[in-house]
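# Notes for the structure review
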Amino acid sequence: MNTLFILVDCNNFYVSCERVFNPSLINKPVVVLSNNDGCIIARSNEAKLLNIPMGAPFHIYKDFINAHKVKVYSSNYPLYGDMSNRVMNSLSEFNSDLEVYSIDEAFLKYKQKKESSIECYILKIKESIIKWTGIPVSIGVGPTKTLAKIANVLAKKNNHHGIFDLSSKIKQDEILKDVNVENIWGISKRWGSKLRMIGIGNAQQLRDSSPRRIRQYLGVVVERIVYELRGVVCLDINEILPKKNIMCSRSFSNLISDKNILKQSIMEYTIRACEKMRNQNTRAQSIYIFLQTNKFNKGRQHNEGIMVGLNIPCSDTGPIIKLASSAIDRIYKPGYLYQKAGIMLLDLISVNINQRDFFGNTNHSLSDNRMKVVDSLNKKFGPGTISNGILKYKGKNEWSSKKYYLSNRYTTQWDELPHVI
């Protein structure tokens, strides 16, 4: 029995979500903006053909976008999150061995019998997802997650019709020599530069290099990638490389000078960051809190941050919120108009690492159980259903993002449901 990994990736996901409920956008250039309508974070294929770059500041390209009649939308995360759940639930109908990798990507583990055809299987997945959710997908197949990732990139090219199978050794030899080392899943630009310094510039050269040498040079993570390129599974379903740091920060829609409002924004960012940390089963050993004024405005500037160490690694939102609030008290200065605030959870370690402390309580079971219940309820009934006690203000939060081009939350708000006339 042959085991293969299937990566299902939604095409231009944010744009596709908008098109599901507004078919007039099909075959039209469309872009979706980031928080505060700042940068372009999603583009339709038609917008890409206009050479509108990913991450481009909207205010710079606004005239160009208007001249080419490009449709513009603010990021509608309630809609995108709900559509993502629909796609992932649909995928679970095909295989219970499912790992949701991101909002628009998921891995399936497929155990292929000799007489079975994977081509028919993945074609059925592709056709069913578009039929059930309206979201088009591209599918890459490989003997490991790393090879499935490379296959998925190729699947998006027009001549492959959204499906690419990289399971055969012959095809791997043909393809890997044309994949730049920086484009391999898990290889950063810095690691890519280091690999090029020792003569490794593409995926084939990395695959054929000495794993022991690579481990000595760049560590165990890149060594695993070498083996994955060889078809040896090092990352199974629900085994991902956890992030060492997690940051959550936002630019405010209005400049803020009130310390209590700044605290409330930091507390909400802390809640989000801690949820991400628990999702990857890690704990923080320190945190970094920062405040920034607008560097483009004339006048007094104040940009300051502070790092706070934790005596015992923690993934409980409550204690981290207390530390973050205390940190704001230490770095805040009255009289300044702040544009941005944020938190970084640093030096994350696995929950399985539990260094005993003679003077402290290192038993995380009660905290872990409490956070598990909170996370499950928030996932089921929506973010903020249960949260830590924080200051509340009437009206719209002053740090809320600007959303001048927001579409309806068609699937999550009763008063914004589509109307059939």
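Described below are features of the structure shown in this document. Residue indices begin from 1 for each chain and proceed along its sequence in written order. Local features in this predicted model are restricted to residues whose pLDDT is 70 or higher, and side-chain atom pairs enter the listing and the counts only when it is 80 or higher, whereas totals over whole chains, interfaces and linings include all residues. As a rule here, side-chain values come from all non-hydrogen atoms in the structure, and water together with hydrogens is ignored.

Let us look at the packing of helix 6 (residues 145-155) against helix 11 (residues 220-229). Axis definition: a line fitted to C-alpha atoms, limited for helices to the stretch in contact. Angles are taken between N-to-C directions and run from 0 to 180 degrees. Counting from the N terminus, the helices are the DSSP runs of H or I reaching at least four residues and the strands are the DSSP runs of E reaching at least two. It is the contact of helix 6 with helix 11, at a shortest axis distance of 7 Å, that shows an interaxial angle of 70 degrees. Comparing their axes, helix 11 and helix 6 come out roughly perpendicular. For the pair formed by helix 6 and helix 11, the contact residues are Lys145, Thr146, Leu147 and Ile150 on the first element and Ile225, Glu228 and Leu229 on the second. Class assignment of the residues belonging to the contact of helix 6 with helix 11 gives a composition of 4 nonpolar, 1 polar and 2 charged. Convention used here: angles under 35 degrees read as roughly parallel, angles over 145 as roughly antiparallel, angles from 65 to 115 as roughly perpendicular, and any remaining angle as oblique. By definition in these notes, contact holds between two residues if any of their heavy atoms fall within 4.5 Å. Three residue categories are used. Nonpolar comprises Ala, Val, Leu, Ile, Met, Phe, Trp, Tyr, Cys and Pro, charged comprises Asp, Glu, Lys and Arg, and polar comprises the others, including Gly.

This part takes up the layout of surface pockets. Only protein atoms enter the 1 Å grid used here. Points where a 1.4 Å probe fits but cannot escape make up a cavity, open sets with protein on both sides within 12 Å along at least five of seven lines make up a pocket, and a residue lines them when an atom lies within 4 Å of a point. Grid points are joined across faces, edges and corners, and a volume is the space filled by probe spheres set on the points. Quantified by volume, the second largest pocket comes out at close to 1400 Å³. Contributing to the lining of the second largest pocket are 46 residues, with Cys10, Asn11, Asn12, Lys48 and Lys156 lying nearest its centre. Elements supplying a minimum of two residues to the lining of the second largest pocket: strand 1 (2-10), helix 1 (13-21), strand 3 (40-43), helix 2 (45-49) and helix 6. For the lining of the second largest pocket, the class distribution of residues is 20 nonpolar, 14 polar and 12 charged.

Here the focus is the sheet that holds strand 4 (residues 71-74). Judged by pairing direction, the sheet is mixed, and its 3 strands sit side by side in the order 3-2-4 without closing on themselves. For this open sheet the edge positions go to strand 3 and strand 4, each flanked by a neighbour on one side alone. Strand-to-strand twist in this sheet, taken as the mean axis angle between neighbours without regard to direction, amounts to 25 degrees. Direction of pairing for strand 2 (residues 30-33) relative to strand 4: parallel, over a ladder of 4 bridges. Bridge pairing in strand 4 links Val31 to Val72. Strands qualify as paired when DSSP identifies two bridges or more between them.

Once that is clear, we can look at helix 14 (residues 365-381). Helix span, expected: 1.5 Å multiplied by one less than the number of residues in the helix. When the terminal C-alpha atoms of helix 14 are compared, their 24 Å separation across 17 residues agrees well with the 24 Å that a helix rising 1.5 Å per residue should span. Burial in helix 14 covers these residues: Ser367, Met371, Val374, Asp375 and Asn378. Projected onto a plane normal to the axis of helix 14, the buried residues spread over an arc of 100 degrees and lie on a single side. Along helix 14, the residues that are exposed and aim more than 90 degrees away from the buried face are Leu366, Lys372, Lys380 and Phe381. Buried-residue contacts for helix 14 involve helix 12 (259-279) and helix 13 (317-331). In the segment just after helix 14, Gly382 is the residue with positive phi, at about 110 degrees. Three exposure classes are used, based on accessible area relative to the maximum for each residue type with a 1.4 Å probe and protein chains only: buried under 20%, partly exposed in between, and exposed over 50%. Arc definition: directions from the helix axis to the C-beta atoms.

This part takes up empty space enclosed by the protein. Applying the stated rule across the entire model yields 1 cavity of 30 Å³ or more. In this model, the largest cavity occupies a volume close to 50 Å³. Around the largest cavity, the lining residues are Ile271, Glu275, Arg278, Thr317, Met371, Val374, Asp375, Asn378, Ile386, Ser387 and Asn388. Counting only elements with at least two residues in the lining of the largest cavity, the list comes to helix 12 and helix 14. Examining the composition of the lining of the largest cavity, we find that 4 residues originate from one element, helix 14, more than from any other.

A separate point is the packing of helix 10 (residues 211-218) against helix 11. Look at helix 10 against helix 11: their axes get within 7 Å of each other, and the N-to-C directions meet at 150 degrees. One element, helix 10, and the other, helix 11, form an angle in the roughly antiparallel class. Once helix 10 is placed against helix 11, the crossing between them reads as right-handed. Touching Pro211, Ile214, Arg215 and Leu218 of helix 10 are Val220, Val222, Glu223, Val226 and Tyr227, all from helix 11. Its residues assigned to classes, the contact of helix 10 with helix 11 comprises 7 nonpolar, no polar and 2 charged. By convention, the crossing between two helices is left-handed when the near helix turns anticlockwise from the far helix through less than a right angle, and right-handed when the turn is clockwise.

We now examine the nonpolar core. In this description, a nonpolar core means a group of buried Ala, Val, Leu, Ile, Met, Phe, Trp, Tyr and Cys residues linked to one another through side-chain atoms lying within 4.5 Å. Formed by 34 residues in total, the largest nonpolar core has its most connected members in Ile6, Val8, Phe13, Leu91, Ile125 and Ile139. Elements with a minimum of two residues in this core: strand 1, helix 1, strand 2, helix 4 (77-92), strand 6 (105-112), helix 5 (118-133) and strand 7 (137-142). When neighbours within four sequence positions are excluded, Ile139 is seen to be in contact with Ile6, Leu7, Val8, Ile122, Ile125, Lys126, Asn152, Ala155, Gly162, Ile163 and Phe164. In this structure, Ile261, Ile287, Ile320 and Ile331 belong to the second largest nonpolar core, which totals 31 residues.

On to the packing of aromatic side chains. Working definition: a ring pair exists when centres of Phe, Tyr or Trp rings (six-membered ring for Trp) sit within 6.5 Å. Plane angles under 30 degrees give stacked, over 60 give edge-to-face, the rest tilted. With the rule as written, the count across this model stands at 16 aromatic pairs. Ring centres of Phe21 and Tyr410 lie 4.7 Å apart, and the angle between their planes is 15 degrees; this geometry places the pair in the stacked category. Here Phe21, found in helix 1, pairs with Tyr410, found in the segment after helix 14; they are 389 residues apart in sequence, far enough to count as distant. Ring plane angle 90 degrees and centroid distance 6.4 Å describe the contact between Tyr61 and Phe64, whose orientation is recorded as edge-to-face. Of the two residues, Tyr61 and Phe64 both sit in helix 3 (residues 58-67), 3 residues apart, roughly one turn of that helix. Relative accessible area serves as the criterion here: at 30%, Phe64 is assigned to the partly exposed category. Ring-pair connections join several aromatic residues into one group, and the members of that group are Phe13, Tyr14, Tyr77 and Tyr80. The ring of Phe107 carries Lys145 above its face, with NZ or CZ at 5.0 Å from the centroid. Charge-over-ring placement is defined geometrically: NZ (Lys) or CZ (Arg) within 6 Å of the ring centre, and within 35 degrees of the ring normal. Positioned over the ring face of Tyr336 is Arg300, at 4.3 Å from the centre of the ring.

Turning to the pairing of strand 12 (residues 338-346), a few remarks are in order. Two elements, strand 9 (residues 246-256) and strand 12, share 7 bridges in a ladder whose sense is antiparallel. Within strand 12, the position partnered with Met247 by the bridge is Met344. The sheet contact formed by strand 10 (residues 282-293) and strand 12 spans 8 bridges and is antiparallel. Looking at the pairing, Ser286 lines up with Leu346 of strand 12.

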